[in-house]
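Structure assessment
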Amino acid sequence: MSKTRRAEIAGAGLAGLALATRLAHLGWHVSLHERSADLRMFGSGIWLWENGLKTLQLLGAYEAATARARHVKEWRIADGSGATLYSKSLEGRDRLLLPPRADLYQALIDRATAAGVHVSTSSVVASVRPEGVLVLEGGEQRPADLVVVADGAYSRLRENIMATAWSDMGTEGGFRLLVPAEPDDPTDIITEYWSGHWRVMFNPCTDGENYIYLGGPVNDARGRAVPIDPAFWRERFPGAGEMFSRVGQVSRWDRIVNMRTRLWADGHIAILGDAANAMPPNLGQSANMAFSNAMALAMAVTAGSDVPGSLRAWEARQRPLTDHVQHWSYVYGLILGRWPASIMPLRSDLMRMLGKMEWFDEGICRGARHVPEGSALF
Ligand SMILES: Cc1cc2nc3c(=O)[nH]c(=O)nc-3n(C[C@H](O)[C@H](O)[C@H](O)COP(=O)(O)OP(=O)(O)OC[C@H]3O[C@@H](n4cnc5c(N)ncnc54)[C@H](O)[C@@H]3O)c2cc1C
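Below, the structure is looked at part by part. Along each chain, residues carry numbers from 1 onward, in the same order as the chain's sequence is written. Since the coordinates come from a predicted model, pLDDT governs what is reported: local features require at least 70, and pairs of side-chain atoms require 80 or more to be given and counted, while whole-chain, interface and lining totals use all residues.

**Brief notes about the overall build of the protein**
- The secondary structure listing takes helices from DSSP runs of H or I that are at least 4 residues long and strands from runs of E that are at least 2 residues long, numbered from the N terminus. Broken down by element type, the protein carries 11 helices and 21 strands.
- Atoms counted for the radius of gyration: C-alpha only. Globule rule: 2.2 Å times the number of residues to the power 0.38. The globule rule puts the C-alpha radius of gyration for 378 residues at 21 Å, and the 21 Å found for the protein is close to it.
- Structurally, the protein occupies a C-alpha span of about 65 × 40 × 40 Å along its principal axes.
- A residue is called partly exposed when the number of other C-beta atoms within 10 Å of its own lies between 12 and 20, exposed at 12 or fewer, and buried at 20 or more, with C-beta atoms placed from the backbone. A burial count over the protein gives 48% of its 378 residues as buried.

The following block contains the structure:
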C-alpha cells in the first residue's frame, strides 16, 4: 500500500486554505500553519470570477461562499462626474459574483476542516528548506513531501529560496468598507469612478450591505485621513451620489503593491498566492488566480511521484497565464495612478476606445475564462 504523503503549508489565507482542502481531498495528510491567534479575514467584498467560482465548486465551498452574494451584470468605469468611460457585460463565461469576504473565508475554513486538514493557529513558520522541511518558530522541524509558502504579499519565507525578483510598492492605497444598503442602490452594476489619480468603487454585495473602495495616491494626506472626510471625496466625485455620507468607521488602509518572484518552486518548496505574485487588484483576479494555481498544484504533485519535477512542470504550465493577468493588472494601475495630469482628457478617450476592442476584452478576461485543472465538469 502506498504511504500517505504529507504537505506542510505556511499561511491560512485564501490560497493556503484552498490548496490544503484540495490536497486533503486527493489523499494527502495536510497541516496548515497560521501565525495569527484566530482565523479572521480583513476585507469587505470580493470579486469572484468564473475561474474562482469553478474552484469553489470543486472544493464544495461554492454554496456557502456565495449564498448572500450579488450576481453582478455590468462593470462600469466612469469619470468623476459619472459619465461612462467603459462598460463590460458580466454574463456567461464572464460571470462575476460578489460575496462578503468573510463568507468566502468561512466557507473555505469549513471545507478544510471537514476534509481533515490540521489547522494550527498561533503557529508561526520560521523557515522552509528545499529538501522538504518546514521549521516552526519554537524550533520544531516538520519534514514533508511538499512544503508550501502561502504567507502573503510581504512573504518573508520566500526569501529562504531567494525568490523575490522585483517589487513595486506602487503609488496607490485605499480603504475598503461595507456600508448599509439603501433602496436605490444598484444591485447588479459595479461602478468604478476615476478622478485624476483617485478612484472610488461602488460594489453591490448583499441585500443589506454594499462594498465601497476609496483609493488615491499614497502621499495624499486628505485622501488617507481617518476618519474619512466625506467632503473631500464628494468634491472629487460629484457623480458618485451620496454614498460618502454612509461611510462610517474605517480600520485599515492598504497599499496596492506588485511583487514578482524569480521562481515558484525549488526542490520540495512551492510558493503560492500573493507570496508568489501579489498584483494590484484592478481586475479582481488575484485570489481567483491563486485558486486555480492551487488546484493545478494539487493535481501535479498527486499525479507524479517526483515532487520537485512536478513542481517545476506546474510552474511552467501555470505561470504564463498568471504573468499575463499580473501584467494587465499592473498596466491598468499605471493608467489610473501614473497618467500625466496634463493630458487627463486623453485618458478618458483611451478608455472609451479600449472598451470597443475585442483584444482588450480578451486581455482583461483571459484569467477569468481559464478552467482550473480538475474542474472541467462545472
Ligand atoms: C484592496 C484589495 C482588493 C482586492 N480585491 C480582490 C478581488 O476582488 N478579487 C480577488 O481575486 N482578489 C482581490 N484582492 C487580492 C486578494 O485579497 C489576495 O490575492 C488574497 O487575499 C491573497 O491570499 P493569500 O492567501 O495568498 O495571502 P494572505 O491573504 O495575505 O494570507 C497569508 C496568510 O499567511 C499568514 N502568515 C504570514 N506569515 C506567516 C508565517 N510566518 N507563519 C504562518 N502564517 C503566516 C498571514 O497571517 C495570512 O493569514 C484584493 C486585494 C486588495 C488589497
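**Points about the packing of helix α2 (residues 50–59) against helix α8 (residues 286–303)**
- One can describe the packing of α2 onto α8 by two numbers: an axis separation of 8 Å at closest approach and a directional angle of 45 degrees. In terms of orientation, α2 and α8 fall into the oblique class. The hand of the α2/α8 crossing is left-handed. Counted together, Asn51, Gly52, Thr55 and Leu58 of α2 and Ala287, Asn288, Phe291, Ser292 and Met295 of α8 form the full contact between these two elements. Between N-to-C directions, angles cover 0 to 180 degrees, with each direction set by a line fitted to C-alpha atoms, over the stretch in contact for helices. Any angle from 65 to 115 degrees is called roughly perpendicular, while one under 35 is roughly parallel, one over 145 is roughly antiparallel, and all others are oblique. For a crossing to be left-handed, the near helix must be turned anticlockwise from the far one by less than a right angle; the clockwise case is right-handed. Each residue gets a C-beta atom placed from its backbone, and two residues are in contact if those atoms lie within 7 Å.

**Observations regarding the sheet that holds strand β1 (residues 6–10)**
- Taken together, six strands build an open sheet; the order of strands is β8-β2-β1-β12-β21-β20 and the sheet is mixed. Each having just a single partner strand, β8 (118–120) and β20 (265–266) make up the two edges of the open sheet.
- Each pair of strands is called paired provided DSSP finds at least two bridges between the two strands. Relative to strand β21 (residues 269–271), β20 runs antiparallel, the two being bridged by two bridges. The residue of β21 that forms the bridge with Asp266 is Ile269.

**Quick look at the sheet that holds strand β3 (residues 48–49)**
- Spatial strand order, β3-β7-β4: three strands in an open sheet with antiparallel pairing. Two strands lie at the open edges of the sheet, namely β3 and β4 (70–72), each paired on one side alone.
- Across three bridges, β4 lies against strand β7 (residues 96–98) in antiparallel orientation. If you follow His71 over to β7, its bridge partner there is Leu97.

**Examining the pairing of β1**
- With four of five residues buried, β1 lies mostly within the body of the structure.
- Relative to strand β2 (residues 29–33), β1 is paired through five bridges, and the arrangement is parallel. Bridging across to β2, Ala7 finds its partner in Val30.
- Handedness is read with the strands pointing away from the viewer; a crossover is right-handed when the path from the first strand over the helix to the second is clockwise. Each parallel crossover has a hand, and for β1 linked through helix α1 (residues 14–25) to β2 it is right-handed.
- One ladder, built from four bridges, connects β1 with strand β12 (residues 146–149); its direction is parallel. If you follow Ala7 over to β12, its bridge partner there is Leu146.

**Thoughts on unusual backbone geometry**
- The amide bond that connects Val226 to the next residue, Pro227, takes the cis arrangement and shows omega of 0 degrees.
- Note on placement: Pro227 falls in the loop between α5 (221–224) and α6 (230–236).
- Positive phi, normally seen in glycine, also occurs at Ser122, with a value near 50 degrees.
- Inspection of the secondary structure puts Ser122 in the loop between β8 and β9 (125–129).
- For Met162, which is not glycine, the phi torsion reads 50 degrees and is therefore positive.
- With respect to the secondary-structure elements, Met162 resides in the loop between β12 and β13 (164–168).

**A few points about the site of the ligand**
- Looking at the ligand, there are 31 residues lining it, with Gly11, Gly13, Gly152, Gly273 and Ser286 nearest.
- Looking at the shell around the ligand, the elements with two or more residues in it are α1, α7 (274–277) and α8.
- Per-element tally for the shell around the ligand: the top contributor is α8, with four residues.
- Tallied by class, residues from the shell around the ligand come to 14 nonpolar, 11 polar and six charged. Any residue whose C-beta atom, as set from the backbone, lies within 6 Å of a molecule or strand is reported as near that molecule or strand. Throughout, the ten residues Ala, Val, Leu, Ile, Met, Phe, Trp, Tyr, Cys and Pro are labelled nonpolar, Asp, Glu, Lys and Arg are labelled charged, and all others, Gly among them, are labelled polar.

**Considerations on the packing of α8 against helix α9 (residues 307–337)**
- The geometry of α8 relative to α9 is characterised by a closest axis approach of 9 Å and an angle of 160 degrees between their N-to-C directions. By the angle class used here, α8 and α9 are roughly antiparallel. Of the two elements, α8 crosses α9, and the hand of that crossing is right-handed. Seen from α8, the contacting residues are Met289, Asn293, Ala296, Leu297, Ala300 and Val301; seen from α9, they are Val307, Ser310, Leu311, Ala313, Trp314, Arg317, Gln318, Thr322 and Val325.
- When the residues that make up the contact of α8 with α9 are grouped by side-chain class, the tally is 10 nonpolar, four polar and one charged.

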